[in-house]
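The primary structure of each chain is shown beneath.
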Amino acid sequence: MRKEIIINSTANEIRIAITEDKRLSELYVETPEKERMVGDIYLGKVAKVMPGIRAAFIDVGLKQDGFLHFSDIGSTFSDYTSLVDDEDSDIDVDDDDEDVQATENRESSSFQSPPSLNESKSVAARVSQTASRGNGKAANIPDIKSGQDIIIQIMKEPVNRKGVRVTSEVSLPGRFLVLLPFDGKIGVSKKVFNFKEKRRLRRIVRNILPPSFGVIIRTVAQDKDEAALKQDLENLIATWREIEKSVKAESAPSLLYKDLSTTSSVIRDLFTEDVDRVITDSKKQYKEICAYVKSVSPQLLEKIELYKEREPLFDVYGIEKEIATALSRKVWLKSGGYIIIEQTEAMVVIDVNSGRYAAKREQELNSLRTNLEASREVCRQIRLRDVGGIIVIDFIDLDDEKNRKKVYDELRKEFRRDRAKVTVLPMTEIGIVQITRQRIRQNILHSFSEPCPVCGGGGLVQSKSSIVNQIERWIRRFKSESKEFRLILRAHPSIIAYLKEGTISRLKKMMFKYFVHIKIQGDDKLSIAEFHFSSIRQNKDITDQYKS
């Protein structure tokens, strides 16, 4: 598979496209208003403890408090220090490099909030005192109290009305290693399949790892020598020491550590040997990327290119068109079928339709072919849009159980490319597939759009007839309580036009019916569902007096 990283930079926006076989598979967008937050470390203050939902809300200085579930709280400080000597632990962990996911998906590793063992008791007091989680079971209610200081790390970006999700299990990702302060364990990515290489990497890290630290060895560390790993580890420890100093100097809430920008994190995490080239149209970024790669993986320098042509970079590679598709609810398939993607508050619903393909013979076989093609496109769209949470796909009905399994297997195969954690359930008899996908940041739709001020983000507005009925009900209430008969109506121009339609207009019919004279004024500053009545005699707006 041919893989490329293409970076387009403007004064107010940086867009990073990852293509697979010249098709857009992932897109990252960073603007001054929507900076990347995953991986940032804060000294926060516990605002509320909610035992009923097994969570606490942490004030980190953002608009909304961070959400800290009890399952994301590490061991007590005293319990955690007992893990320091456990350096020989053999742990396999997933290497989901998606924004390093703040924790490198370390399913088997546990680690504590970050005060150093070498720091004073005043620093240790800032660490959350929590109960250990045993054998993957739910933790008991931890000893966490409102008003106390706690060190947390952001693990999920805010979405809609939800604030950031945070963890007290802090990690620092590097090029080859992920540092786990106070963990004392050495984990190796599950994507390192060679047993001898795993053993070699563990041996190297065990010899250079200082006491009271743990690490996860990342996939990209394969075949690297001790010097490269040691340099990466020293950089991470130096960063951690700076965070320790900040803990003593700062008061909550405050930012202790800002993780890399989106561009830097993508280069750190995704620019590996399987990438054919990195192209950027920014001289500044080109120099920064070259400088970083030269220090960590000089053999990749020849794959970095500076784009100098006049035609926009994303136009040349057809990425702009694919972004437009990603923002559309309807995506066509080559066979003539199509999928509809609907975003709701609770889940994302995807409907597969046969379209022109339905007219052909052999319905079961054609339905299978459409479903298989849709499976591949759905997986690509989910990755591209970075859809997270619950996803429900309504496929075309299949009678044969073997065919339903083929669609299920195709989905699982395609999702192997996805770095996020994905769970796919088998297809039901009515063609429904349920999926859960890990969410780290806002999906692409939120990056390029904002809720419509007219429809409130629902995609629908009230019909003109419904609004005119509301106007008529207002007039009826007005006439039942007032003896006035002269009014001014201000409404959206489309509503005014609708009122004036017909030989005997709707407006005239209302005036005759209720014996009232209404002067109309169009106002395009009003939303389509908004209207205002003013009394000519009183010379004021009286709309609210007669609302239901």
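Note: the structure precedes this text.
The written sequence of each chain sets the order in which its residues are numbered from 1. Local features in this predicted model are restricted to residues whose pLDDT is 70 or higher, and side-chain atom pairs enter the listing and the counts only when it is 80 or higher, whereas totals over whole chains, interfaces and linings include all residues. Values reported for side chains reflect all heavy atoms of the structure, with hydrogen atoms and water molecules removed beforehand.

## Describing the sheet that holds strand S3 (residues 23-30)
Item 1. Taken together, the five strands give an open sheet; going across it, the order is S3-S2-S1-S15-S16, and neighbouring strands pair in mixed fashion. The open sheet has two edge strands, S3 and strand S16 (304-306), and neither has a second partner. The mean angle between the axes of side-by-side strands here comes to 20°, regardless of whether they run parallel or antiparallel.
Item 2. Whether two residues are in contact is decided by their heavy atoms, any of which lying within 4.5 Å being enough. To get an axis, a line is fitted to the C-alpha atoms, and for a helix only the part in contact is used. The angle between two axes follows their N-to-C directions and goes from 0 to 180 degrees. Counting from the N terminus, the helices are the DSSP runs of H or I reaching at least four residues and the strands are the DSSP runs of E reaching at least two. Those strands touched by helix H9 (residues 363-385) are strand S2 (14-20) and S3, and its axis lies near 15° from that of S3. Strands are treated as partners if at least two bridges between them are detected by DSSP.

## Side note on the nonpolar core
Item 1. Put simply, a nonpolar core is a bunch of buried Ala, Val, Leu, Ile, Met, Phe, Trp, Tyr and Cys residues held in one set by side-chain atoms that sit within 4.5 Å of each other. Three exposure classes are used, based on accessible area relative to the maximum for each residue type with a 1.4 Å probe and protein chains only: buried under 20%, partly exposed in between, and exposed over 50%. Residues Leu179 and Leu229 are the most contacted members of the largest nonpolar core, which totals 32 residues.
Item 2. Within the residue set of this core, elements represented by two or more residues are strand S4 (41-50), strand S11 (177-181), strand S12 (186-189), helix H3 (195-208), strand S13 (213-217), helix H4 (226-249) and strand S14 (254-257).
Item 3. Among the elements that line this core, the one with the most residues is H4, at seven residues.
Item 4. Residue contacts for Leu229: discarding those within four places in its chain leaves Phe176, Leu177, Leu201, Ile204, Val205, Ile208, Ala221 and Lys224.
Item 5. Leu368, Leu372, Ile393 and Val424 belong to the second-largest nonpolar core, a separate cluster that totals 27 residues.

## Some thoughts on the packing of aromatic side chains
Item 1. Each aromatic pair joins two rings of Phe, Tyr and Trp (for Trp, the six-membered one) with centres within 6.5 Å, and gets the label stacked for planes under 30 degrees apart, edge-to-face for over 60, and tilted for any other angle. Under the definition given, this model contains seven aromatic pairs.
Item 2. Taking 4.0 Å as the distance between ring centres and 10° as the angle between the ring planes, the aromatic pair formed by Trp474 and Phe533 counts as stacked. Of this pair, Trp474 sits in helix H12 (residues 464-481) while Phe533 sits in strand S25 (residues 531-535), and the two are 59 residues apart along the sequence. A single burial state applies to Trp474 and to Phe533, both of which are buried.

## As for the packing of H12 against helix H14 (residues 506-514)
Relative orientation and spacing of two packed helices are given, respectively, by the angle between their axes and the distance between those axes.
Item 1. Running from N to C, H12 and H14 cross one another at 20°; their axes reach a closest spacing of 11 Å. With respect to each other, H12 and H14 are oriented roughly parallel. The chirality of how H12 crosses H14 is right-handed. Taking contact as the criterion, the partners of Val468, Ile471, Glu472, Ile475, Arg476 and Lys479 in H12 are, on H14, Met510, Lys513 and Tyr514.
Item 2. Gly is placed with the polar residues, together with every amino acid not listed as nonpolar (Ala, Val, Leu, Ile, Met, Phe, Trp, Tyr, Cys and Pro) or charged (Asp, Glu, Lys and Arg). Looking at side-chain class alone, the contact of H12 with H14 contains five nonpolar, no polar and four charged residues. Here the angle decides the label: under 35 degrees means roughly parallel, over 145 means roughly antiparallel, 65 to 115 means roughly perpendicular, and every other value means oblique. Each crossing gets its hand from how the near helix is turned against the far one by less than a right angle, where anticlockwise is left-handed and clockwise is right-handed.

## Remarks on helix H8 (residues 319-326)
Along an α-helix, residues three or four positions apart point the same way, because every turn accommodates 3.6 residues.
Item 1. Turning to H8, its buried residues number three or more, namely Ile319, Glu322, Ile323 and Ala326. For H8, the angular spread of the buried residues around the axis is 105°, confining them to a single face. The arc in question is the one spanned by the directions pointing from the helix axis to the C-beta atoms.

## Remarks on the sheet that holds strand S18 (residues 338-343)
Item 1. Taken together, the six strands give an open sheet; going across it, the order is S17-S18-S19-S20-S22-S21, and neighbouring strands pair in mixed fashion. Two strands close off the open sheet at either side, each with one partner strand: strand S17 (330-332) and strand S21 (422-424). The sheet shows a mean angle of 20° between the axes of neighbouring strands, taken without regard to direction.
Item 2. When strand S19 (residues 347-353) meets strand S20 (residues 389-394), the two strands line up parallel, connected through five bridges. Note on S20: the bridge partner recorded for Val349 is Val392.
Item 3. Most of the contacts of helix H10 (residues 401-415) go to S21, to which it runs at about 175°, and overall it touches S21 and strand S22 (432-437).

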